[in-house]
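Fold and geometry: a report
Letter by letter, the chains look like this.
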Amino acid sequence: MSATQPVQPKVTEREARQVAEAAREHDWRKPSFAKELFLGRLRLDLIHPHPLPADEDVRRGEAFLARLRAFCDSALADGLPGRIEREAKIPDETVRALKDLGALGMKIDPKYGGLGLTQVYYNKALALVGSVSPAIGALLSAHQSIGVPQPLKIFGTQEQKDTYLPRCATTAISAFLLTEPDVGSDPARLATTAVPDGEDAYLLDGVKLWTTNGVVADLLVVMARVPKSENHRGGITAFVVEADSPGITVEHRNAFMGLRGLENGVTRFHQVRVPAAQRIGAEGSGLKIALTTLNTGRLSLPAMCVGAGKWCLKIAREWSGVREQWGRPVARHEAVGAKISFIAATTFALEAVVDLASQMADEDRNDIRIEAALAKLYGSEMAWLMADELVQIRGGRGFETAESLAARGERAVPAEQMLRDLRINRIFEGSTEIMHLLIAREAVDAHLSVAGDLIDPQKALGDKAKAGARAAAFYARWLPQLATGAGQLPGTFRAFHPDGHPDLSTHLRHVERSARKLARSTFYAMSRWQGRMETKQGFLGRIVDIGAALFAMSAACVRAEHLRATGEHGREAYQLADAFCRQSRIRVEELFGRLWNNTDELDRKVVEGVLGGTYAWLEEGVLDASGDGPWIADATPGPAARENVHRPIR
Ligand SMILES: Cc1cc2nc3c(=O)[nH]c(=O)nc-3n(C[C@H](O)[C@H](O)[C@H](O)COP(=O)(O)OP(=O)(O)OC[C@H]3O[C@@H](n4cnc5c(N)ncnc54)[C@H](O)[C@@H]3O)c2cc1C
């Protein structure tokens, strides 16, 4: 095998975890509301009073939103959403208009030609434009949240910033290329190589899959593995690469169940020469860069989920008030009303979560990496449920396409498209299962940092003894704190029960009590399962989901009080926060119940049976039209195998 032919690394589960662990930021230099919550402490002071943006940021943000809104209004008048859906493509003139608006450089510093918007306004802009076309939202967010600008802003050299940021702000669309045919959630298997070529360059070889924007991109962030050698530290490394470099071929444009305008493809690298000056950060720091970029980048996706929730609410209100069945508008039937209440309350809470986390990101006083991850997890799951309920509320029309509705003379409501477009949010930028693991890792970090060696089967007895002493001292102090707290005192959080408003203080007390219960449950689980804790994904997932709900409840209460104090819809906001907290408490109680009363063990046995063929008879009586082709396409590197469909938009 030549040095240029990547080999798929064989990776054990333990090695995969080690790679993920090495990419983690280990330090906590700033306070974290969510981390405290998982440790059993409701640090309301970190989020209340609600942080506020600077006047200048508001002025700049609102001015851009007004321009973007005018663009969106005219796009709607021209029937752009329907056209994108029909043609499965964002028209080039739309992309040019977005460039002229400055939409490629929303978050880029004005000194590089960008708009310099805050995270709050960047997210509001994505929610707005995403409500017109989720594909446009995805294009802009892939470019700015994970594409070239963000990693360069944090890790780039001055020369790289001077070279690329002005282009990224105005004309150059970028893409982020990590995934490969055999590398999805597990980057330890990454096979694309960057082999040093002399002192000052690398040669890239490999195949990248599902490259959002990759078909039209001018610039790429590419993750590739540098082989370790005497002069090279090696490891997974990030590069900025010109998309029209010799040796790059976009072999296929992928098509999906939703986001039909996405310019997403398969990109092959064959002996692509990349100057060392285009490496971002040090060799081996690629995954850390990707994860750090996502610390705030992860907020874009839930921001667009907020937009989806608002749209669902509007359609649900307008439709269910006029559609009459069984003698009354369907909204007045309790079963439908419950869905509308769920959509309204959840949209309120989701906006509270995203705005709060975004504002905290702008202030940079708190570490928001868990909050952003929770927002992504919770936002993608909740938006999916909201869209599903909207389809149900619309009945048969919910299942019908907008085009068909319009063709027979009805309003072209794309409810089914919303569902299709939202589905991917639970898979990309960290699937729900991976987000559970990632957040759980942070949630138990305090335990692992004191007791990690104790429960690590690989550690020597001496290390375990030392860890045992450390853990005993820590838990002797920490556990008693979890027994009682402010949530048991009826008078606490009184500020959240102003006259004539629903009582939100009772919900915050519930959050406080639940946070302690959550921490106690985590501790019991660690004592019970010790080194096997990391395999208890059912348990860990529920712990994280409870934490997400508690964060959302806290954010909803803080936002309601903020709106009341500033005189904006205070009473209605209290009502929505109250509804959300009550609905959420029922879900939290259920999750707590399922921590210890579940079918996890039984499910494991059933899976063994399924994989072992014990239930093969159950599959009889149907046919499978997918045939017997390979599950994963051969990604053997080499010269281009197919036509180059790369087409930058000038
Ligand atoms: C439309 C679209 C756009 C995309 N855009 C980009 C992009 O711009 N850049 C890019 O690099 N990638 C992109 N991706 C890739 C995307 O990030 C991956 O699909 C995602 O990371 C999941 O990887 P996978 O699909 O290979 O699933 P797999 O990793 O094969 O996982 C399959 C299933 O197993 C679960 N699973 C995997 N590992 C574990 C575990 N340890 N514990 C529990 N469950 C587990 C997963 O959650 C999933 O449910 C895109 C994908 C799509 C479809």
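Details of the structure are given in the entry above.
First, a word on what this report is: a plain description of the structure on this page. (Residues numbered from 1 in each chain as written. Predicted model: local features only at pLDDT ≥ 70, side-chain atom pairs only at ≥ 80, totals over all residues. Heavy atoms only, no water.)

Geometrically, the link from His-48 to Pro-49 is a cis peptide bond, its omega value of 0° lying close to zero. Residue position: Pro-49 is located in the loop between α2 (33–38) and α3 (55–77). You will see that Gln-271, though not glycine, has its phi angle at about 55°, which is positive. Within the secondary structure layout, Gln-271 lies in strand β7 (residues 264–275). The backbone of Glu-429 sits at a positive phi, close to 50°, despite the residue not being glycine. Mapped onto the fold, Glu-429 is located in the loop between α16 (415–423) and α17 (432–443). Given the relative accessible area of 18%, Glu-429 is considered buried. (Helix = DSSP H or I, 4+ residues; strand = E, 2+ residues; numbered from the N terminus. Buried < 20%, exposed > 50% of the residue type's maximum accessible area, 1.4 Å probe, protein only.)

The next thing to look at is the packing of helix α20 (residues 505–529) against helix α22 (residues 570–596). Here α20 crosses α22 at 15°, and the two axes come no closer than 12 Å. As the angle between them shows, α20 and α22 are arranged roughly parallel. Every pair of crossing elements has a handedness; the one defined by α20 and α22 is left-handed. Where α20 approaches α22, its residues Thr-506, His-507, His-510, Arg-513, Ser-514, Lys-517, Leu-518, Ser-521, Tyr-524, Ala-525, Arg-528 and Trp-529 are matched on the opposing element by Asp-578, Cys-581, Arg-582, Arg-585, Val-588, Glu-589, Phe-592, Leu-595 and Trp-596. (Axes fitted to C-alpha atoms, helices over the stretch in contact; angles between N-to-C directions. Parallel < 35°, antiparallel > 145°, perpendicular 65-115°, else oblique. Left-handed = near helix turned anticlockwise from the far one by under 90°. Contact = heavy atoms within 4.5 Å.)

Contacts to the ligand come from 19 residues, most closely from Phe-176, Thr-179, Ser-185, Ser-431 and Glu-433. One nitrogen or oxygen atom from the side chain of Thr-179 is found 2.7 Å from a nitrogen atom belonging to the ligand. Separating an oxygen atom of the ligand from a side-chain N or O atom of Ser-431 is a distance of 2.7 Å. When the ligand sits alone it has 970 Å² of accessible area, and the protein chains cover 68% of it. Of all elements in the fold, only β3 (201–212) and α17 reach the threshold of two or more residues within the shell around the ligand. Residues of the shell around the ligand, tallied by class, amount to 10 nonpolar, 7 polar and 2 charged. (Near = heavy atom within 4 Å. Polar contact = N/O pair within 3.5 Å; in protein donor to acceptor, adjacent residues only side chain to side chain. Areas by Shrake-Rupley, 256 points an atom, 1.4 Å probe, with all protein chains shown as cover. Nonpolar A, V, L, I, M, F, W, Y, C, P; charged D, E, K, R; others polar.)

A word on the environment of His-562. With respect to the element layout, His-562 can be found in helix α21 (residues 537–565). Residues His-562 and Glu-36, 526 residues apart in the sequence, show an inter-C-alpha distance of 22 Å. Setting aside anything within four residues of it in sequence, one finds His-562 in contact with His-50 and Leu-52.

This paragraph deals with the packing of aromatic side chains. Each aromatic ring pair is characterised by the separation of its centres together with the angle its planes make. Under the definition given, this model contains 7 aromatic pairs. The interplanar angle of 50° and the centroid separation of 6.0 Å between the aromatic rings of Phe-33 and Phe-551 together place this pair among those described as tilted. In this pair, Phe-33 is assigned in helix α2 and Phe-551 in helix α21, connecting sequence segments 518 residues apart. Each member of the pair, Phe-33 together with Phe-551, is buried. Both rings, one in Trp-478 and one in Phe-523, keep their centres 6.4 Å apart while their planes meet at 70°; by these two values the pair is edge-to-face. Of the two residues, Trp-478 is situated in helix α19 (residues 461–481) and Phe-523 in helix α20; the sequence distance between them amounts to 45 residues. (Phe/Tyr/Trp six-rings, centres within 6.5 Å; stacked < 30°, edge-to-face > 60°.)

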